[in-house]
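Survey of secondary and tertiary structure
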Amino acid sequence: MDTGPPNNCEICNKEFSVFDWNYQCKECLKYCCIECHESLPDTGYLAFNPFSDIEITDYVLCNETVCIKCYKEKVTPIEEKYEKSKSKSDSIAVFSSNYKGDVPYKQNAKRKEITSSFWRDRDDALKELRVTADYLGYNLIYDRKWDKKTESKPSNTGDGTYKYSVWAASATATKHR
């Protein structure tokens, strides 16, 4: 018989009240108080999902709640690896699909098709592609293609529509020779 959430935080044992709400961890399903929970951030490239190829997929769901124990054990290592990839991403070699020269990749290396989200700036789409490649352990991107679409929103004055382009990038990631 389900009795609902407990009366106390399952991490620190603080009693819940009208003013001290409970939050349920999306990972371990324990109920915790405000001091013992973390909301996942919605910051920059962390909002995209570079982790879809590994078992942990829920941690990039922005504004979800996890307890501090699960955050430290599972989210923090992903964030640290992500930050390293972000700082190293400019060193990833990128070759366009139009490139006619020799692409210096290892012939027998594993390859992975990767795609960015849509961004208003093409450089952001390319940055996401580079971060994803590094995060997944690759150091070269080739056959890079752009996908462009037009979006619109009402103008600030309300007397028209503002149209703008958004860009996504796709490519194959692999290892450099």
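For the structure, see preceding data.
Quick look at the structure, then. Predicted model, so just to flag it, every value in this text is computed and none were measured. (Residues numbered from 1 in each chain as written. Predicted model: local features only at pLDDT ≥ 70, side-chain atom pairs only at ≥ 80, totals over all residues. Heavy atoms only, no water.)

**What to know about the overall build of the protein**
Helix and strand counts for the protein come out as two helices and eight strands. Helices and strands in the protein line up, N terminus first, as β-β-β-β-α-β-β-α-β-β. A burial count over the protein gives 34% of its 177 residues as buried. Looking at the protein alone, contacts between residues at least 24 apart form 64% of all its contacts between residues at least 6 apart. (Helix = DSSP H or I, 4+ residues; strand = E, 2+ residues; numbered from the N terminus. Buried < 20%, exposed > 50% of the residue type's maximum accessible area, 1.4 Å probe, protein only. Contact = heavy atoms within 4.5 Å.)

**Considering the environment of Lys-163**
Examined against the element boundaries, Lys-163 turns out to sit in strand E8 (residues 161-174). Taking relative accessible area as the criterion, Lys-163 reaches 61% and is therefore assigned exposed. C-alpha separation for the pair Lys-163 and Glu-151, spaced 12 residues apart in sequence, amounts to 5.7 Å. Residues within four places of Lys-163 in sequence aside, it is in contact with Thr-150, Glu-151 and Ser-152.

**Let's talk about the nonpolar core**
One finds Cys-9, Phe-16, Cys-25, Tyr-31, Cys-32, Cys-33, Cys-36, Val-66, Cys-67, Cys-70, Tyr-71 and Val-75 forming the largest nonpolar core, which totals 12 residues. In terms of residue count, the dominant contributor to this core is helix H1 (residues 68-88) (three residues). If we skip the residues at most four places from it in the chain, Cys-25 touches Lys-30, Thr-65, Val-66, Cys-67 and Cys-70. Judged by nonpolar contacts, the second largest core, of 11 residues, contains Ile-92, Ile-114, Ala-133 and Ala-169. (Core = buried A, V, L, I, M, F, W, Y, C linked by side-chain atoms within 4.5 Å.)

**Let's talk about unusual backbone geometry**
The phi angle at Leu-29 is positive, at roughly 70 degrees, despite the residue not being glycine. Position of Leu-29 relative to the elements: it lies in the loop between strand E1 (23-24) and strand E2 (31-32). Of note in this structure, Asp-143 is not a glycine but carries a positive phi near 60 degrees. Within the fold, Asp-143 resides in strand E7 (residues 140-154). For Asp-143, a relative accessible area of 28% corresponds to the partly exposed category.

**Details of the packing of aromatic side chains**
The relative placement of two aromatic rings is captured by the distance of their centres and the angle of their planes. According to the stated counting rule, one finds four aromatic pairs in the structure shown. Between Trp-146 and Trp-167, the aromatic rings sit 6.2 Å apart at their centres with planes inclined by 80 degrees, giving edge-to-face as the arrangement. Here Trp-146, found in strand E7, pairs with Trp-167, found in strand E8; they are 21 residues apart in sequence, far enough to count as distant. Lying across the ring of Tyr-135, Lys-81 places its NZ or CZ 4.4 Å from the centre. The ring of Tyr-164 has Arg-120 lying over it, and the distance from NZ or CZ to the ring centre is 3.9 Å. (Phe/Tyr/Trp six-rings, centres within 6.5 Å; stacked < 30°, edge-to-face > 60°. Lys NZ or Arg CZ within 6 Å of the ring centre and 35° of its normal.)

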